[in-house]
Structures are given as C-alpha cells and as structure tokens.
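# Chains, contacts and geometry: an overview
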Amino acid sequence: MTCDLYIICLIVHKDEMAQIVEAKQILYFSNTELQHLTNISSDNILKLKEKVAERYIHQRCNNALNIYQKEVPLQLQHWKLSTACRTIDSILRGGILSGVLTEITGESGCGKTQLCLQLCISVQFNKERAGGAVFICTEDAFPSKRLQQMIQHYGQFLPGQNLGDKIFVEHVADFDTLEFCVKKKLPTLINRGLIQLVVLDSVTALFRCQYDSSQLLNRAKHLIEFASTLRQLAHQNSIIVVCVNQVSANMNKIGLQDSDVVPALGLTWSNQMTCRILLSRFTYHEEYTDDSGQAMSRRKLKVIFAPHLRQSELDIQISDCGIQGIKPQFVNT
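The name recorded for the chain in an unreviewed UniProt entry is DNA repair protein XRCC3-like isoform X3, from Biomphalaria glabrata. As recorded by UniProt, the Subcellular location (unreviewed entry) comment attached to the chain reads in full: "Nucleus".

### Side note on the confidence of the model for the chain
Confidence in the prediction for the chain averages 83 pLDDT; 83% of positions are at 70 or higher. With pLDDT under 50 throughout, residues 10-19 is counted as low confidence; its partners more than four residues away or in other chains account for 17 contacts.

### Structural notes on the environment of I326
As for its placement among the helices and strands, I326 is situated in strand 14 (residues 322-330). On a C-alpha basis, the gap between I326 and L314 in space is 6.8 Å, while along the polypeptide they are 12 residues apart.

### Description of the side chain of R219
Take R219: it is sitting in helix 10 (residues 216-237). Discounting residues that sit within four places of it in the chain, R219 has contacts with F207, Y211 and L265.

### Description of the packing of helix 8 (residues 175-191) against helix 10
Closest axis-to-axis distance for the helix 8/helix 10 pair is 11 Å, and the angle between their directions is 10°. The angle between the axes of helix 8 and helix 10 places the two elements in the roughly parallel class. Residues F175, L178, V182, K183, L186, P187 and I190 of helix 8 form the contact with helix 10, whose own contacting residues are H222, F226, T229, L230, L233 and N237. Its residues placed into classes, the contact of helix 8 with helix 10 shows 9 nonpolar, 3 polar and 1 charged.

### A word on unusual backbone geometry
With an omega dihedral of 0°, the bond running from D201 to S202 counts as a cis peptide bond. If you trace the backbone, S202 turns up in the loop between strand 6 (195-201) and helix 9 (204-210). Although it is not a glycine, S238 sits at a positive phi angle of roughly 50°. For S238, the position within the fold is in the loop between helix 10 and strand 7 (240-245).

Calculation rules
- Residues numbered from 1 in each chain as written.
- Predicted model: local features only at pLDDT ≥ 70, side-chain atom pairs only at ≥ 80, totals over all residues.
- Heavy atoms only, no water.
- UniProt positions renumbered as here; feature names shortened; annotations may be inferred.
- pLDDT = per-residue confidence, 0-100.
- Contact = heavy atoms within 4.5 Å.
- Helix = DSSP H or I, 4+ residues; strand = E, 2+ residues; numbered from the N terminus.
- Axes fitted to C-alpha atoms, helices over the stretch in contact; angles between N-to-C directions.
- Parallel < 35°, antiparallel > 145°, perpendicular 65-115°, else oblique.
- Nonpolar A, V, L, I, M, F, W, Y, C, P; charged D, E, K, R; others polar.

Listed below in structure tokens is the structure:
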C-alpha cells in the first residue's frame, strides 16, 4: 500500500483522525496511538512512518566526520579567510571564520579599515571559496587611494587580474539604504556567486546618530534585529561577515580589564558577535622601519573572545603593503 493510500485510510477510518490535517502530523503520534485510531498492524504503522519521513524529512543527522569531510549542507561547511599575514593567521588559527559575525573594534586610526581592505583583497586568493567582497561605508569616503596602494603590492601574486574589479563599494547614510543593501543587494550578489565577504564599516555611525540616550530600548531592539539579519546571511550562505565598531570611554574601568576604552553599542551588540578582535595604538608614538628603510606604524591586535580561539595578542605594523604581525604573545588566563 502506498503512502497516499495509508493516509487516506487514516483520515477516513475514524472521526478522531480529523485532527490530522497534514500527512507529516502522523509522525507526532506514537505507534500505539496510531494502532488504536486506525486498526492498522504495527508493521504497517512502521512502514507508514518511514514513507512519511522520507517525504518530509530531508535533513540527515551529521556527525563530526561528515563535517570534517564537508559532506554536509553549505551552512555547516565553515572555512577561514586568511588575513594575508601568517603571523596574524597563527593566532586566529587560519583566519576569519565564516558563517558567523566577526567584529573588528578599536579607536580611530588604529588600522581597522586597513585590515578590512586587506581582507577584501585576500578573499580573492582563497583556495576554498575565492570570490569578491562588498564594502559598505557608513562614515567617511571609501579609501580608494589606500586600496590601490595595497593592490599594487598584492597584484603581483595574481597577474592579469585587477583586484579592484571584485570589490563592490556601497555608501549608505541612513537605515533605509542600509536595510535595502543588506536584504536586497547582498542576496543578489551572493546568489550569483560574486562575493564571499561582506564588510560593514562601521555599524556604530548610524546607530549613534539615530538614537539618543532616551531611546536605548528601541536601539537595543533594532540592534538585535539587524544583527540577526546579518547572522542569517552569513550562516545560510557560509560567507564571511565583518562588522567594524568604534569605541567609547571606559568610565567604570569594566570590560576589557583596565582599558581606557570599550567597544561601542554596549552589551546588546556584544552578545550578537561570535568573535571580537581589538586593535589599539601604543600609548606612546614611535615609528619603526623595515629592512628597506620604509616607515611603519606600530599597533597591537588582540583577540577578545571567540569560541574557537584563546585570548591572545601580538604587535602589528602598518606599511604600504598593509598590516603585518610581528610577534605573538599569549595572555595567561
């Protein structure tokens, strides 16, 4: 007897079966209950449930080996995006993780945007998921000159291609434009296989301008909703999503130990992030030079939290080719 005939028998057999309005609801009943309602034998009940399960349950259970061998749906196929620096990648265990929200935070001038530009170039070299990037600007003008400077350096590793052709830039000045970009434009580019990285620089600007101190509850709701949209986009398509965040004064000396600053937007936004990376400047200003005599600015990169990383930090330097790590130093926790 086919599945459809079984269902017909179930529905017409007794008045009690009127509660089953869809075939998949058969799976909600125990074998004993179905036998009582239908007088179908136990063997046929099992066959019925198997047929219904085949029709409605398409996802199989995945084990660790399936995930490791990437024999799983796209949502579970995590990959990592290199920062184009082995030293930085070493403390990130390969780079930025896909399918989650990663935040890069820090004070002004510490290198947040430059690191994001470097990621926009690096994604085009990725062996697993090479593709383009979307860079969403909410603050200053897009640093096109700095990008071209970095492209001149990395372009030698991919001759014959213009790395800037696969970096899509979007300027947004209000929430309506941002929402249209995230919900309409980004899915279109993703479905066409054009991008593997989304950078939002920065998430802070619009939320600080839109809400004042008397609207914290509304801001919190909006932050959660917006972060949920980004997280769903990252998870369903297994892409990299990086959000740049500003910092605020740490008046109570809480959060990042004794730091003078804390990431903006408070605990509501922090709870939406999976990984947080802090960039900071040295308390004193000192210029360094590389072997060629080129001037470099010294900064610090620190992993604040991530489910797959230990808390660690290292000194980084900024040169014409981008951000490079110097020496890792693990923090005892």
